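Here is how the chains run, residue by residue.
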Amino acid sequence: MLQRHRMVAMLLALVGLTRSWVGLAAAEEAKPVAIPSGLRYEFLARWDVERLNRILTQDMPRFSGVSVAYSPARTAVRLYRVTYPSVVPEQGNRPTLASGLVAVPDDATTALPLVSYQHGTVYGKREVPSFPEESPETQVMIAQFAGQGYALIGADYFGLGASPEPEGYMVKQSHQQATADMLAAGRAVLADLKRSPTGLFLAGWSQGGFVTMAMLERLEATGIPVAAAATASAPVDVFVPLNGFLNFPRKNDAVWVNSLFILSAFAFENYYGVPGLARSVLTDDSYALAKAAYERKAADPTRIPTDLHALIRPDYFDPQFFATSAYGRLVAQTQAYRWVIRSPVRNFYGETDEAITPGLGQLAATYQRAFGNTRVEAVSTGDTSHRGTFAKAVPQWKAWFDSLAR
């Protein structure tokens with residue numbers, strides 16, 4: 001009996017000691033970890049397999065409006081928020097701070113393929129990868145890729161997440177800088193976590209599709225190999241959809257296309273240093289509400305005109321005026337497909353997407369094939385909406401990346 005009591009006491013002591021170690025580890029994990037480059041990362045959460053599969057089977061259908069069969073998650077995932085130094089190219093490489101997400105499988109695997117995900121347009125400063133609880137699109141990427149053995153990273157872009165900047169919406173070089181620096185930061189964090197990427201894949205939806213192509217252009221120019229890049233509903237040439245919304249409106253054009261003009265007008269004014277640019281584009285009645293929306297200040301979005309004729313000054317409905325205006329010239333520079341692409345690319349598009357026409361979805365492939373380059377493919381997801389195109393594209397990205405990662 002005495003021996004039994006001693007054994008119980010020893011077991012209790014070991015349990016207490018184990019709990020102390022776990023508590024200490026959790027406390028240490030909660031502290032930001034600094035890497036000599038000035039990068040910092042902090043543990044956010046562990047999402048178990050049940051949570052990940054609920055995202056795929058319940059949350060994503062609610063978000064997208066379509067039911068899609070995804071590969072079930074097979075491992076839990078650990079999430080980390082990263083803050084890293086960067087620069088603003090449009091402003092003489094002025095130093096700034098940016099943020100993003102690193103997600104890794106919670107298993108013993110050390111070598112794993114890496115996906116850099118570029119998020120779509122958001123209306124909240126924290127609806128971005130580094131705040132995954134507030135970003136449904138990030139959640140499905142975590143569940144489908146990190147839950148299946150990939151490392152996943154995602155930049156928040158300048159002005160979002162922890163960034164102190166105004167939002168750099170569709171500002172090409174800043175997007176390239178934020179994502180390239182996030183890639184370097186993500187690799188540094190993975191190294192610190194004793195993980196080793198075995199290949200690099202890029203993916204992005206909507207605005208993130210444009211950013212993905214812009215990032216690919218930057219990486220190819222600097223000699224960084226990319227195994228493959230995939231997009232969904234990518235506006236690879238911003239001049240195309242904005243002209244379409246102004247001059248060739250469709251019955252199914254989304255009511256939220258007003259935000260594309262608002263965000264880009266203010267972002268271009270701020271980043272390219274063109275005082276009064278947004279005011280020259282927007283009507284007097286809509287300007288104050290639009291500015292509050294861009295700055296993420298309290299505003300009633302229902303008061304912002306969805307009729308572009310009430311939002312945009314009449315001159316901009318003249319294609320020649322739009323093309324020669326300061327705003328139009330900046331928009332015309334905002335493209336990410338007119339170079340000789342060397343990496344395999346698949347641009348997924350929806351036939352009934354309310355923001356991206358099939359012609360725009362096929363534009364990069366058409367341009368590349370015009371001079372004989374067959375590395376870029378346009379892939380239809382059928383009669384899908386903007387969100388539905390993303391929902392159907394993700395498992396196809398996964399199957400393609402899997403085939404190349406082997």
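Up top is the structure these notes are about.
Source: prediction; values computed, not measured.

Taking burial as the measure, the 5 residues of strand β8 (residues 228-232) include 5 buried ones, the bulk of the element. Side chains Ala228, Ala230 and Ala232 project from β8 onto one buried face, and the interleaved Ala229 and Thr231 project onto a second face that is buried too. Here strand β7 (residues 196-205) pairs with β8 via 5 bridges, running parallel. Bridge pairing links Phe201 to Ala228 in β8. On the question of chirality, the crossover connecting β7 to the parallel β8 by way of helix α5 (residues 207-221) is right-handed. For β8 and strand β9 (residues 345-349), the ladder comprises 4 bridges, and the chain directions are parallel. Bridge pairing links Ala232 to Phe348 in β9.

If you walk through the whole model with that rule in mind, you get 22 aromatic pairs. With 5.7 Å between their ring centres and 70° between their planes, Phe43 and Tyr80 make a pair best called edge-to-face. Placement of Phe43 in strand β2 (residues 40-47) and of Tyr80 in strand β3 (residues 77-88) is noted, with a sequence separation of 37 residues between them. A ring pair is formed by Phe145 and Phe401, whose centres lie 6.0 Å apart and whose planes are at 45°; its orientation type is tilted. Taken as a pair, Phe145 in the loop between α3 (136-144) and β6 (151-155) and Phe401 in helix α15 (residues 386-405) lie far apart in primary sequence, 256 residues in all. Exposure class is identical for Phe145 and Phe401. Each is buried. Here a set of aromatic residues connected by ring pairs shows up, and it is made of Phe239, Phe268, Tyr272, Tyr316, Phe321, Phe322 and Tyr327. Sitting above the plane of the Tyr287 ring, Arg279 keeps its charged end 3.8 Å from the centroid.

In this section: the sheet that holds β9. Strand order in the open sheet formed by 10 strands is β1-β2-β3-β4-β6-β5-β7-β8-β9-β10, and the pairing between neighbours is mixed. Every other strand in the sheet has two partners, leaving β1 (33-34) and β10 (376-380) as the edge strands with one partner each. Summarising the sheet, β1 and β2 pair through 2 bridges and their orientation is antiparallel. Bridge pairing links Ala34 to Arg40 in β2.

What counts as what
Residues numbered from 1 in each chain as written. Predicted model: local features only at pLDDT ≥ 70, side-chain atom pairs only at ≥ 80, totals over all residues. Heavy atoms only, no water. Buried < 20%, exposed > 50% of the residue type's maximum accessible area, 1.4 Å probe, protein only. Helix = DSSP H or I, 4+ residues; strand = E, 2+ residues; numbered from the N terminus. Pairing = 2+ DSSP bridges. Right-handed = clockwise from strand over helix to strand, strands pointing away. Phe/Tyr/Trp six-rings, centres within 6.5 Å; stacked < 30°, edge-to-face > 60°. Lys NZ or Arg CZ within 6 Å of the ring centre and 35° of its normal.

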